[in-house]
Each structure stands twice: as structure tokens, then as C-alpha cells.
Amino acid sequence: MFIDSHAHLTCDELYFNLEAILQRASEAGIQKVINICTDKVTLERGIIAKKRFPMLYNVGSTTPHDVEKLGESDFPLFEESARNGDLVAIGETGLDYYYDHSPKEKQHQYLIRYFHLAKELNLPVVIHCRDAFDDLFKIADKEYGSTQLLLHCFTGNVNEAKEVLDRGWTISFSGIVTFKRSDELREAAKITPIERMVVETDSPYLAPQSKRGKQCEPAFARETLQLLADLKGETFESMAKCTRNNTIEFFNL
């Protein structure tokens, strides 16, 4: 049994088929799924779904893509849910300079607000970072300063992975690590200790190599986990156990 540490199960693409998706996940060996809520609708759905499906755990914040449009209206919603105990972590907050859908200054502002909320409530933080590692490191060092931080869907290089690991953070690998052209990412996985590694699908996105073009779901995490096991010279079972324990410890499940 293992855990999908990051899936958007309450998005429109998956929510209306949630029972079947979770059944397939269980059959594939998924014990728990960390559901990521990114707006009012997915948050409300997540809270309802948790009551029906105990294997789900909710994490929430506005994404860096959406802080220009939703940051002010949705921050109080995530803050209230966090204070009520509905969230096991804050996220996926962070920085994304690749798409730059929101101004960098606005992304910085909300990353800092979510860092401060997480520190106040003693909750871990799930980070989205793309083409913005230098600023992420500077802001996190100044405004957060905790090891309870997870780099979701890591796509950085070996040097960036070393910077993450030097800070005591956790790295999450998605189906991207299985892609044919992801040699640099696989090198980063090789230098990541298994004790600091978790696995995710980022469903409904980023289906692993053998399922490219399909809508991703938690059951697909087996392929990513097997690839990581092969890279680390571990069995599937030992990698499943280690990443499961890492995820349980990180999110205090």
C-alpha cells in the first residue's frame, strides 16, 4: 500500500466520477490520497468528499497562477478551513514564472501570507515552483524557515534538488519523471534520499509515460513508483513502504 501525495480529485474532470476513481486507486494499492483544493468550489467539494471517503485528506490554497484573480477573495476561505482543522497542509502555493499568469509581486505577496498562516497553525506547506527557485529559496528562508515544506511535482535540476535537500525539505515526483526526455529529472531523483521522497500523480494532469494523453488518476502512480524504485535500486514494495511513511509523517496523518 502507498499514497498519492498530490491529486486534484475535486476538479470538474474527476469529481463526478470520484467513487470509481477511488475504487481503482484502492485496487492499485493506493491507501490514501492527498486532495488539493485550489478555489472555493474544489474546497467545498473536498470537505464533503472527506466525510464520504476517509482515505481522502485535503490541502488547500490559491495557486500562484490564480492569485491575481482569486487571491483576495479565497484566502479567507482557506484560512477558515485551516483553522477549522479541515486541511492537513497549506498548498499548493508558490511561484510560477514559466506561465506568469499573475504578476511576480502578487505571487510573492500571497506566498508570504500562506507561509505565515502555516507557521501560525503549525501546518506543513506544499509548494508549486517553476522557473522560480532562486526567489522561492530567498522568500522561504526569510519568511518560513521550517523543514515542513514539500516541493510538489518537482521539475528542477540536480543543483536545485540539492538546495531543496539542504533545507531539509521533501521532494515529490510525478509522472514527469517517467517521460522519455526527463533524463535531468531522473538524475535529480537519483541523488534524492528515499527518506525525503514522495510520489504523486497531480491528477488529472501528467499521466506517466505508458499512459501519455490519458486523463491521469491516482491508480497511475504505480508506474511512477516503479520507476523511482528502479532508479534507487529498491523493490517496488520497499519504495511503496518508504514513500508511504514519508507522506504520513509529512502530513501528520
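Residue numbers here run from 1 along each chain, matching the order of that chain's written sequence. Reporting of local features is limited, given that this is a predicted model, to residues whose pLDDT is at least 70; pairs of side-chain atoms are given and counted only at 80 or more, and all residues count toward the totals for whole chains, interfaces and linings. Each side-chain value is worked out from all heavy atoms of the structure, with water and hydrogens disregarded.

Trainee: Quick question: what am I supposed to make of the packing of aromatic side chains here?
Mentor: The description of an aromatic ring pair rests on the distance of the ring centres and on the angle between the ring planes. Within 6.5 Å between ring centres, the rings of Phe, Tyr and Trp (the latter by its six-membered ring) count as paired, and their orientation is classed by plane angle as stacked under 30 degrees, edge-to-face over 60, tilted in between. Per the stated rule, a full pass over the model turns up 10 aromatic pairs. Residues Phe-2 and Phe-236 carry aromatic rings whose centres are separated by 5.8 Å and whose planes lie at 90° to one another, so their mutual orientation is edge-to-face. One end of the pair, Phe-2, is in strand β1 (residues 2-7); the other, Phe-236, is in helix α10 (residues 236-251), and 234 residues separate them in sequence. As far as the burial class goes, Phe-2 and Phe-236 line up, both buried. Their ring planes at 85° and their centres at 4.8 Å tell us that Tyr-98 and Tyr-99 sit as a pair that is edge-to-face. A relative accessible area of 45% means that Tyr-99 is categorised as partly exposed. Here the aromatic residues Phe-133, Phe-137, Phe-154, Trp-169 and Phe-173 are joined through ring pairs into a cluster of three or more. Directly above the ring of Tyr-98 sits Arg-130, whose terminal nitrogen or CZ lies 3.6 Å from the centroid. Sitting over the ring of Trp-169, Arg-167 keeps its end group 5.8 Å from the ring centre. Per the convention used, a helix needs a DSSP run of H or I reaching at least four residues, while a strand needs a run of E reaching at least two, with both numbered from the N terminus. Only protein chains enter the accessibility calculation, which uses a 1.4 Å probe. A residue is then buried if its area is under 20% of the maximum for its type, exposed if over 50%, and partly exposed in between. Criterion for a charge above a ring: Lys NZ or Arg CZ within 6 Å of the ring centre, and within 35 degrees of the ring normal.

Trainee: Would you mind going over the pairing of strand β2 (residues 30-37) with me for this structure?
Mentor: Burial within β2 is extensive, with seven of its eight residues counted as buried. In this description, strands pair whenever DSSP reports at least two bridges between them. Here β1 runs beside β2; their pairing, made up of four bridges, is parallel. Bridging across to β2, Phe-2 finds its partner in Ile-30. Running through helix α3 (residues 40-52), the crossover from β2 to the neighbouring parallel element strand β3 (residues 56-60) is right-handed. When the strands point away from the viewer and the path from the first strand over the helix to the second turns clockwise, the crossover is right-handed.

Trainee: Would you mind going over helix α6 (residues 133-143) with me for this structure?
Mentor: Within an α-helix, residues lying three or four positions from one another point in the same direction, as the helix has 3.6 residues per turn. Residues of α6 that are buried: Phe-133, Leu-136, Phe-137, Ile-139, Ala-140 and Glu-143. As for α6, its buried residues are in contact with β4 (89-96), α5 (104-121), β5 (125-130), β6 (149-151) and α7 (158-166). One or two residues past the end of α6 sits Gly-145, with phi positive at roughly 65°. Contact criterion: two residues are considered in contact whenever any of their non-hydrogen atoms come within 4.5 Å of each other.

Trainee: Which parts of the structure should I look at to understand helix α4 (residues 67-83)?
Mentor: Here, expected helix span is obtained from the residue count minus one, scaled by 1.5 Å. Relative to the 24 Å expected for 17 residues at 1.5 Å per residue, α4 spans just 21 Å between its end C-alpha atoms, considerably shorter than the ideal helical length. We define the bend at any residue as the angle between the axes fitted to the seven residues before and including it, ending there, and the seven starting there. In the structure, α4 departs most strongly from a straight axis at Ser-73, where the bend amounts to approximately 50° and where the proline Pro-76 lies between one and four residues downstream. Of the positions making up α4, those classed as buried are Val-67, Gly-71, Asp-74, Phe-75, Phe-78, Ser-81 and Ala-82. Looking at the buried residues of α4, the elements they touch are β2, α3, β3, β4 and α5. Two residues or fewer past α4, Gly-85 is found with a positive phi of approximately 85°.

Trainee: Can you help me understand the side chain of His-152 in this one?
Mentor: Residue placement: His-152 occurs in the loop between β6 and α7. Looking at His-152, the relative accessible area reads 4%, which means it is buried. Setting aside residues up to four positions removed in sequence, His-152 forms contacts with His-6, Glu-92, Val-126, Ile-127, His-128, Ser-172, Glu-200 and Asp-202.

Trainee: For this particular structure, what's the right way to read the pattern of salt bridges?
Mentor: Side-chain pairing between opposite charges can occur once the charged atoms of the two side chains come close. By definition, a salt bridge exists where a carboxyl oxygen of Asp or Glu is found within 4 Å of a side-chain nitrogen of Lys or Arg. Using the criterion set out here, one finds 11 salt bridges in the structure. As a salt-bridge pair, Asp-141 and Arg-167 come within 2.8 Å of each other at their nearest N and O atoms. Placement of the pair is Asp-141 in helix α6 and Arg-167 in the loop between α7 and β7 (170-173), with a sequence separation of 26 residues. Look at Asp-141 and you get partly exposed, because its relative accessible area is 46%. Classification of Arg-167 as partly exposed rests on a relative accessible area of 22%. The partner of Arg-167 in a salt bridge is Glu-163, and the shortest N-O contact between them spans 2.7 Å. One network of salt bridges, with partners in common, ties together Glu-79, Arg-83 and Glu-120.

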